[in-house]
Amino acid sequence: MFRIRRIFDATLARDRQAVAQVQEILRAQFRDAAPGEYEDIPAKLRDPLGYRFKTILFVAEQKYEVRGFALVLHAPDLCFCYLDYIGALPGRTSRGIGGSLYARVREEAALLGDRGIFFECPSDDPAICRDASLLRQNAARLRFYESFGARPIVNTAYETPLSPTDDSPPVLVFDGLGRLAAPPRGATRDIVRAILERKYAERCPPGYIDAVVRSFRDNPVRLRAPRYAGAEATGPVPGASPCILLTVNRDHDIHHVHERGYVESPARVRTLMKTLGPTGLFLPVAARRHPERAILAVHDAGMVRYFKAATAKLPPGKSIYPYVFPIRNQARPPRELPVRAGYYCIDTFTPLNANAYRAARGAVDCALTAADAVLDGQRLAYALVRPPGHHAERRAFGGFCYFNSAAVAAHHLSAHGRVAVLDIDYHHGNGTQDIFYARDDVLTVSIHGHPSFAYPYFSGFASETGEGRGRGCNLNLPLPENTDGAAFARALGKALERIRRFAPGVLVVSLGLDTAKGDPTGTWSLTPGDFEANGRAIGALGLPVLVVQEGGYRIRTLGQNARRFFLGLRAGAHGLAPASAPGPAPGPARFSP
């Protein structure tokens with residue numbers, strides 16, 4: 001089995017490795033290609049303006065080996081995709097790789113709202129291709145594409161050779177994605193000019209380009225009638241395939257505090273799963289167990305030992321609430337476990353019970369599993385966890401949080417390059433700030449209610465910017481008690497600009513949905529549309545994103561707000577239009593035999 005994923009850039013080691021393998025396939029399978037066609041792939045992915053197309057790269061992988069790829073050029077200004085190359089390792093095209101890759105390209109073009117896909121293919125006309133062996137190969141390729149509804153455009157001069165020695169001019173093929181029977185003449189002329197000028201400017205003189213463009217006289221353009229019996233055209237391209245990896249803390253509900261007013265309940269995860277599942281955006285993956293040393297890398301060993309021991313000794317249904325806080329002598333913790341709770345806790349409403357440690361460990365495992373997926377090339381990942389974690393400091397828990405899952409994941413990712421953590425929960429991410437406050441390899445940014453009125457009260461001020469090597473690597477953006485979506489968006493713009501300047505390889509988002517209107521723990525008034533706009537802005541950064549769930553306690557709107565956030569995140573990351581529902585010169589075709 002193989003999987004298909006999109007490569008956005010060559011920032012991460014896993015993606016650099018994939019791009020290098022694609023370049024090797026290009027060298028081996030497309031010997032007519034100029035060196036720049038494969039050497040420039042990283043630059044093309046990074047700089048769409050410089051190359052006048054947005055380059056999209058899909059790879060089909062099996063056990064980290066690239067078995068095939070598709071390279072697509074997208075022109076947002078003209079709303080079309082140009083399939084530049086599609087190929088596989090020798091002997092792999094008959095194993096479904098080519099078909100799967102082309103299906104994924106069609107899906108992406110549909111998501112982008114394009115008119116369709118244009119590409120070149122060598123002719124299957126005996127009058128043009130006189131080599132019988134090549135003619136059979138060309139016919140096989142066009143039969144393949146015809147099965148998807150793609151057919152050559154006829155009655156034009158696109159097949160005109162550039163020189164007397166050019167004995168294999170291509171045909172231009174159009175795939176309307178099952179929605180457009182044939183494109184109009186005006187739009188097609190603009191698209192043909194763009195293909196010839198942007199891609200083949202060094203080979204095609206202006207007079208040649210003008211003559212080819214003028215030759216498109218039919219309106220709409222004419223497509224060749226189906227030629228191959230049994231090539232049943234497919235219907236419209238289906239909706240989005242899963243593009244966000246999802247890990248869920250399946251054991252979250254073992255941690256349930258049955259106390260009046262304790263809003264951090266299992267219903268939160270159940271509601272999110274019920275709403276997000278039908279979107280088709282998420283690919284569920286089971287969390288893998290990770291060693292405790294990942295937690296100890298960011299949390300004090302004494303706190304971890306206490307948490308584990310205290311919960312192990314509690315009977316079911318019994319909770320320890322901290323009530324004594326030894327701020328006067330932290331060097332001598334009390335012996336009694338109930339009394340010692342306050343030694344490691346910052347409030348009186350984060351109890352310890354028999355399952356708290358197991359649930360918190362499960363949340364960490366989810367975040368680390370999602371982080372590993374990002375390192376393997378997954379662009380978007382979501383760790384749906386409870387209990388939350390961003391209030392858990394290096395040596396203290398609180399605010400419903402025990403282990404800081406986002407911080408554990410960020411530290412894990414930081415071994416591979418710079419990481420930014422963006423906390424958009426209503427409450428300040430004091431735990432994440434505390435853990436990374438003296439580090440310069442992890443930027444922490446938090447948008448939250450001002451500590452003059454919002455928990456945790458003693459941190460989150462704008463003056464807290466980091467210390468030592470970490471000075472300038474912590475940004476707090478506290479906002480007033482009455483904050484709407486527009487005010488939040490302005491703060492988010494400042495946060496994202498700081499993240500751009502830091503230039504991380506990965507972004508970790510601590511997602512709080514308690515910024516919503518009516519949340520029992522907040523005072524702000526963000527709407528579903530605001531969440532979608534915020535997700536889009538974050539996705540548009542163009543970074544791999546790991547989202548870790550934090551707060552959000554209004555069950556009535558929790559699912560809808562999360563749904564809109566992830567729709568926006570997906571749209572921003574893929575350059576899609578706003579939507580609130582998921583919706584060398586012309587030569588031989590570049591499809592490996």
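To be clear, the structure that these remarks concern was listed above.
Description of the structure in this document. Note that the structure is predicted; figures quoted are calculated from it, not measured.

## Considering the overall build of the protein
Secondary structure summary: the protein contains 18 helices and 18 strands in total. Here the protein holds 593 residues, and the buried ones make up 56% of them.

## A short note on the pattern of salt bridges
In this structure the tally under the stated criterion is 24 salt bridges. R198 serves as the salt-bridge partner of D77, at 2.7 Å between the closest nitrogen and oxygen. Here D77 is found in the loop between strand 3 (65-75) and strand 4 (80-88), whereas its partner R198 is found in helix 7 (residues 185-199), with 121 residues between them in sequence. D124 is the salt-bridge partner of R227, the closest N and O atoms lying 3.3 Å from each other. Separated by 103 residues along the polypeptide, R227 in the loop between strand 8 (222-223) and strand 9 (244-248) and D124 in the loop between strand 5 (117-122) and helix 6 (132-146) bring together distant segments of the chain. Residue classification places R227 among the partly exposed residues on the basis of a relative accessible area of 44%. Look at D124 and you get buried, because its relative accessible area is 7%. One network of salt bridges, with partners in common, ties together R3, R5, R14, D15 and E61.

## A look at helix 16 (residues 485-502)
Taking 1.5 Å as the rise per residue, helix 16 with 18 residues should run 26 Å; its terminal C-alpha atoms sit 25 Å apart, in good agreement. For helix 16, the full list of buried residues reads G485, F488, A491, L492, A495, L496, R498, I499 and F502. All buried residues of helix 16 fall inside an arc of 155° around its axis, so they share one side. Facing away from the buried side of helix 16, by more than 90 degrees, are the exposed residues R490, K494 and R501. As for helix 16, its buried residues are in contact with strand 14 (419-423), strand 15 (442-449), strand 16 (474-479), strand 17 (506-511) and helix 17 (528-539). A positive backbone phi angle near 55° is found at A503, which sits one or two residues after helix 16.

## What about unusual backbone geometry?
A cis geometry characterises the amide bond from N219 onward to P220, with omega recorded as 0°. Within the secondary structure layout, P220 lies in the loop between helix 8 (206-214) and strand 8. Along the chain, R386 connects to P387 via a cis peptide bond; the corresponding omega equals 5°. Mapped onto the fold, P387 is located in the loop between strand 13 (380-384) and helix 14 (405-414).

## Here's the deal with the packing of helix 16 against helix 17
For any two helices packed against each other, one specifies the inter-axial angle together with the distance between the axes. Look at helix 16 against helix 17: their axes get within 11 Å of each other, and the N-to-C directions meet at 10°. Taken together, helix 16 and helix 17 sit at an angle that is classed as roughly parallel. On the side of helix 16, the interface is formed by G485, F488, A489, L492 and L496, while helix 17 contributes D530, N534, A537 and I538. Within the contact of helix 16 with helix 17, the residues separate by chemical class into six nonpolar, two polar and one charged.

## Things to note about the packing of helix 11 (residues 301-312) against helix 13 (residues 356-375)
Where helix 11 contacts helix 13, the axes come no closer than 8 Å and their chain directions differ by 135°. Of the possible angle classes, the one that applies to helix 11 and helix 13 is oblique. Taken together, the residues of helix 13 that come into contact with helix 11 (itself represented by F307, K308 and T311) are A356, Y357 and A360. Of the residues belonging to the contact of helix 11 with helix 13, the class tally is four nonpolar, one polar and one charged.

## Focus: the packing of aromatic side chains
Using the criterion set out here, one finds 28 aromatic pairs in the structure. Taking 6.1 Å as the distance between ring centres and 75° as the angle between the ring planes, the aromatic pair formed by Y102 and F119 counts as edge-to-face. Of the two residues, Y102 is situated in helix 5 (residues 97-111) and F119 in strand 5; the sequence distance between them amounts to 17 residues. F119 carries the same exposure label as Y102, and that label is buried. Measuring from centroid to centroid gives 6.0 Å for F488 and W524, while their planes differ by 65°, and the two rings are edge-to-face. Of this pair, F488 sits in helix 16 while W524 is found in the loop between strand 17 and helix 17, placing the two residues 36 residues apart along the sequence. As far as burial versus exposure is concerned, F488 and W524 are alike and both buried. Among the aromatic residues, those joined into a cluster by ring pairs are Y102, F119, F144, Y145 and F148.

Conventions adopted
- Per chain, residue numbering runs from 1 following the sequence as it is written.
- Totals for whole chains, interfaces and linings use all residues, but because this is a predicted model, local features are given only for residues with pLDDT of at least 70 and pairs of side-chain atoms are given and counted only at 80 or more.
- Water and hydrogen atoms play no part in the side-chain values, which are based on all heavy atoms of the structure.
- Working definition: helices are DSSP H or I runs of at least four residues, strands are E runs of at least two. Numbering for both runs from the N terminus.
- The buried label goes to any residue with under 20% of its type's maximum accessible area, the exposed label to any with over 50%, and the partly exposed label to all in between, with areas taken from a 1.4 Å probe on protein chains only.
- A pairing counts as a salt bridge when a side-chain nitrogen of Lys or Arg comes within 4 Å of a carboxyl oxygen of Asp or Glu.
- Helix span, expected: 1.5 Å multiplied by one less than the number of residues in the helix.
- Directions pointing from the helix axis toward each C-beta atom define the arc.
- For this analysis, residues touch if any pair of their heavy atoms sits within 4.5 Å.
- Here an angle of 0 to 180 degrees is reported between the N-to-C directions of two axes, which are lines fitted to C-alpha atoms, with helices fitted over the stretch in contact.
- Angles below 35 degrees are treated as roughly parallel, those above 145 as roughly antiparallel, those between 65 and 115 as roughly perpendicular, and all remaining angles as oblique.
- In this classification, the charged set is Asp, Glu, Lys and Arg, the nonpolar set is Ala, Val, Leu, Ile, Met, Phe, Trp, Tyr, Cys and Pro, and all remaining amino acids, among them Gly, are polar.
- Pairing of aromatic side chains here covers Phe, Tyr and the six-membered ring of Trp, requires ring centres within 6.5 Å, and sorts the geometry by plane angle: under 30 degrees stacked, over 60 edge-to-face, intermediate tilted.

Read these as geometric descriptors, not functional statements.
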